[in-house]
Amino acid sequence: MSDRQTDRRLERAILELLDRRGPTATICPSDAARAVYEGDDDGWRALMEPARRAARRLVTAGHVEITQSGRPVEPTKARGPIRIRGVR
């Protein structure tokens, strides 16, 4: 699978995971990485940064926001653990 295909699958996974949850629910980038990874081991960890990048692209497109401590943050300034939620 190409990087572009993986990127698109991660974006779709983020949106689908959020759609299945309540309007104020959040997900971790690892949720999307695990959903896209096709193995049974911890290889999903290699998809963590691509999942974070997918979330940033979705922020730019106006579909989601990235939060820390429950508050929206500028994606380029987020350091450490983040959560992703749909735009309210």
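The structure contained in this document is the topic of the report that follows. (Residues numbered from 1 in each chain as written. Predicted model: local features only at pLDDT ≥ 70, side-chain atom pairs only at ≥ 80, totals over all residues. Heavy atoms only, no water.)

**Quick word on the packing of aromatic side chains**
Alright, step 1. Evaluated as defined, the whole model comprises zero aromatic pairs.
Alright, step 2. In this structure, R34 is placed above the aromatic ring of W44, and the distance from its NZ or CZ to the ring centre is 3.8 Å. (Phe/Tyr/Trp six-rings, centres within 6.5 Å; stacked < 30°, edge-to-face > 60°. Lys NZ or Arg CZ within 6 Å of the ring centre and 35° of its normal.)

**Comments concerning the side chain of T67**
Alright, step 1. Tracing the sequence through the fold places T67 in strand β2 (residues 64-68).
Alright, step 2. For T67, a relative accessible area of 2% corresponds to the buried category.
Alright, step 3. With near-sequence residues (within four places) excluded, T67 lies in contact with T26, P72, V73, I82, R83 and R85. (Helix = DSSP H or I, 4+ residues; strand = E, 2+ residues; numbered from the N terminus. Buried < 20%, exposed > 50% of the residue type's maximum accessible area, 1.4 Å probe, protein only. Contact = heavy atoms within 4.5 Å.)

**As for the packing of helix α1 (residues 3-19) against helix α2 (residues 29-36)**
Alright, step 1. Two numbers describe how α1 lies on α2: the axes approach to 9 Å, and their chain directions differ by 120 degrees. Pair α1 / α2 crosses with right-handed handedness. Along the contact surface, α1 presents R9, L10, A13, I14 and L17, while α2 presents D31, A32, A33, A35 and V36.
Alright, step 2. In terms of residue class, the contact of α1 with α2 is made up of eight nonpolar, no polar and two charged. (Axes fitted to C-alpha atoms, helices over the stretch in contact; angles between N-to-C directions. Left-handed = near helix turned anticlockwise from the far one by under 90°. Nonpolar A, V, L, I, M, F, W, Y, C, P; charged D, E, K, R; others polar.)

**What to know about the pattern of salt bridges**
Alright, step 1. Under the defined criterion, the tally for this structure stands at eight salt bridges.
Alright, step 2. For E11, the salt bridge goes to R8, with nearest N and O atoms at 2.8 Å. A residue pair is termed a helical-turn pair when its members lie 3 or 4 positions apart in one helix, as E11 and R8 do in helix α1 at three residues.
Alright, step 3. A relative accessible area of 12% places E11 in the buried class.
Alright, step 4. Of the charged contacts, one joins R52 and E49 as a salt bridge, the two residues approaching to 3.8 Å between their closest N and O atoms. Of this pair, R52 and E49 both sit in helix α3 (residues 48-60), three residues apart, roughly one helical turn.
Alright, step 5. A relative accessible area of 16% places R52 in the buried class. (Salt bridge = Lys/Arg side-chain N within 4 Å of Asp/Glu carboxyl O.)

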